[in-house]
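# Per-entry structural report
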Amino acid sequence: MASPPHERPLDDDQRTGFVPLKYTPVEPAECLERSRRFYDQMDRRRSVRHFSDRPVSREVIENLIRAASSAPSGAHRQPWTFVAISNPRLKGEIRRAAEEEERENYEHRMSPEWLEALRPLETGWRKPYLEIAPWLIVILQHTYQLLDSGERGKNYYVTESVGIAVGLFITAVHRAGLVCLTHTPSPMGFLAEILGRPANEKPFALLPVGYPAEDCMVPDLRRKSLAEVAVFEEG
Ligand code: IYR
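Residue positions within a chain follow its written sequence, with the count starting from 1. Whole-chain, interface and lining totals are the exception, using all residues; otherwise, since this is a predicted model, local features are given only for residues with pLDDT of at least 70 and side-chain atom pairs are given and counted only at 80 or more. Processing note: side-chain calculations cover all non-hydrogen atoms of the structure and skip hydrogens and water entirely.

### Let's talk about the packing of aromatic side chains
Two aromatic rings, taken as a pair, are described by how far apart their centres are and by the angle between their planes. Ring pairs are drawn from Phe, Tyr and Trp, using the six-membered ring of Trp, whenever the two centres fall within 6.5 Å, and their geometry is named by plane angle: stacked under 30 degrees, edge-to-face over 60, tilted for the rest. Considering all chains together, one arrives at two aromatic pairs under this definition. For the ring pair F51 and Y129, a centre distance of 6.4 Å and an interplane angle of 50° mean the geometry is tilted. Placement of the pair is F51 in the loop between α1 (28-42) and α2 (58-68) and Y129 in helix α5 (residues 129-132), with a sequence separation of 78 residues. Three labels apply to residues, based on accessible area from a 1.4 Å probe with only protein chains included: buried if under 20% of the type maximum, exposed if over 50%, partly exposed otherwise in between. Using a relative accessible area of 6% as the deciding quantity, one classes F51 as buried. Residue Y129 is classed as buried on the basis of its relative accessible area, which comes to 5%. For the pair F82 and F169, a centre-to-centre distance of 5.7 Å together with 40° between the ring planes defines the contact as tilted. Of this pair, F82 sits in strand β1 (residues 80-85) while F169 sits in helix α6 (residues 158-175), placing them 87 residues apart in sequence. Accessibility classification places F82 together with F169 in one group, the buried group. Charge-over-ring contacts are defined here by two conditions on Lys NZ or Arg CZ: a distance within 6 Å of the ring centre and an angle within 35 degrees of the ring normal. If you follow R54 out to its NZ or CZ, it ends over the ring of Y211, 3.9 Å from the centre. Positioned above the aromatic ring of Y144 is the side chain of R152, whose terminal nitrogen or guanidinium carbon lies 4.1 Å from the ring centre. Runs of H or I in DSSP of at least four residues are treated as helices and runs of E of at least two as strands, each being numbered from the N terminus.

Below, the structure written as structure tokens:
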């Protein structure tokens with residue numbers, strides 16, 4: 001009888017081998033302290049729509065993308081591309097295209113219920129931050145792999161994987177002392193077109209990144225309490 005797939009010996013080109021985990025032990029008290037400190041820091045993260053035009057070096061952006069790309073992904077395919085844009089002409093082109101779609105959204109496509117849900121955020125179709133922020137990061141998901149043979153290879157849990165990578169990116173931005181906005185102009189097809197991306201890459205989100213404007217204001221939101229978001233089943 002043939003062995004199940006996971007018990008079949010690997011071909012040499014499939015073998016990655018195993019290495020010891022690089023793990024630094026941590027005592028429970030230190031673990032608690034670190035978890036507290038990290039939460040305190042993350043609780044200060046806010047989505048920002050008022051950016052300074054103060055530059056951010058390419059090296060910083062490279063490190064943020066490296067951190068994001070450490071995300072776990074289905075079958076370790078890392079099915080994402082981060083396009084980092086500081087070119088003013090491209091930023092202008094993206095702003096114009098995003099505003100065109102967003103104007104249509106706000107004036108025709110969004111339901112009254114949706115507009116009402118957004119009212120406290122005081123958003124609108126105008127997106128000046130797309131030109132003011134020093135960097136725009138476009139994240140694209142690889143809906144399938146383009147193999148060297150030109151054939152399509154399947155990717156797994158693509159949306160989940162890319163969502164996690166964007167979460168790590170947002171965390172890295174905050175840890176670096178910068179701010180960003182998770183922006184999803186809809187539909188986003190124009191981004192793949194403007195950036196000339198291959199057919200297997202589908203835009204996932206557009207994140208302006210930079211320093212906040214000096215007079216930056218954010219909506220006075222409250223976050224759900226632990227009891228509202230967590231359920232513990234212990235014992
Ligand atoms: N994409 C639009 C609308 C928008 C939608 C949601 I859901 C938000 O949380 C915020 C905005 C915009 O960027 O204005």
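From this point, things continue past the structure.
### A few points about the site of the ligand
Throughout this document, a residue counts as near a molecule or strand when at least one of its heavy atoms sits within 4 Å of that molecule or strand. Every residue lining the ligand is accounted for by R49, E102, Y106, W114, L118, L121, G124, K127, H183 and T184. Here a polar contact is recorded for every N or O atom pair within 3.5 Å, except that within protein the pair must consist of a potential hydrogen donor and a potential acceptor, and residues adjacent in sequence are included only if both atoms are side-chain atoms. For the ligand, a nitrogen atom lies 3.0 Å from a polar atom in the side chain of E102. Between H183 and the ligand, the recorded distance is 3.1 Å, taken from a side-chain N or O atom to an oxygen atom. Within the complex, the protein chains bury 70% of what would otherwise be the 380 Å² of accessible surface of the ligand. For accessible areas, the Shrake-Rupley method is used with a probe of radius 1.4 Å. Any residue's cover is judged against the shown protein chains and nothing else.

### What about the packing of α1 against α6?
Only the contacting stretch of a helix is used when fitting its axis, a line to C-alpha atoms as for every element, and angles between N-to-C directions run 0 to 180 degrees. Their axes nearest at 10 Å, the elements α1 and α6 cross at an angle of 90°. It follows that α1 is roughly perpendicular to α6 by the angle criterion. Counting all contacts with α1, which are made through F38, Q41 and M42, the residues of α6 involved are T171, H174 and R175. Gly is put with the polar residues, along with every residue not named as nonpolar or charged; the nonpolar set is Ala, Val, Leu, Ile, Met, Phe, Trp, Tyr, Cys and Pro, and the charged set is Asp, Glu, Lys and Arg. Of the residues assigned to the contact of α1 with α6, the class counts are two nonpolar, three polar and one charged. What sets the label is the angle itself: under 35 degrees gives roughly parallel, over 145 gives roughly antiparallel, 65 to 115 gives roughly perpendicular, and the rest give oblique. The criterion used for residue contact is that any of the two residues' heavy atoms lie within 4.5 Å.

### Looking at the environment of H183
Its place among the elements puts H183 in the loop between β5 (179-180) and α7 (189-195). The class of H183 is buried, set by a relative accessible area of 5%. Separated by 136 residues in sequence, H183 and S47 place their C-alpha atoms 9.5 Å apart. Setting aside residues up to four positions removed in sequence, H183 forms contacts with E102, K127, Y129, L130, A205, L206 and P208.

### Looking at the sheet that holds β1
The criterion for strand pairing is that DSSP finds at least two bridges linking the strands in question. With respect to topology, four strands assemble into an open sheet ordered β1-β2-β6-β5, the strand pairing being antiparallel. Unpaired on one side and paired on the other, β1 and β5 mark the two borders of the sheet. Both β1 and strand β2 (residues 135-142) contribute to a ladder of six bridges, which runs antiparallel. When the sheet's bridge partners are listed, A84 is paired in β2 with I137. Here α2 sits on the sheet and contacts β1, β2 and β6 (201-210); the angle it forms with β1, its principal contact strand, is near 165°. Across the face of the sheet, helix α3 (residues 88-109) comes into contact with β1, β2 and β6 while running at roughly 110° to β1.

### Looking at the packing of α2 against α6
Contact geometry for α2 and α6: axes closest at 8 Å, N-to-C directions at 140°. In terms of axis orientation, α2 runs oblique to α6. You can see that α2 and α6 cross each other, and the crossing is right-handed. Contact residues: L64, I65, A67 and A68 in α2; A165, L168, F169, A172 and V173 in α6. Each crossing gets its hand from how the near helix is turned against the far one by less than a right angle, where anticlockwise is left-handed and clockwise is right-handed.

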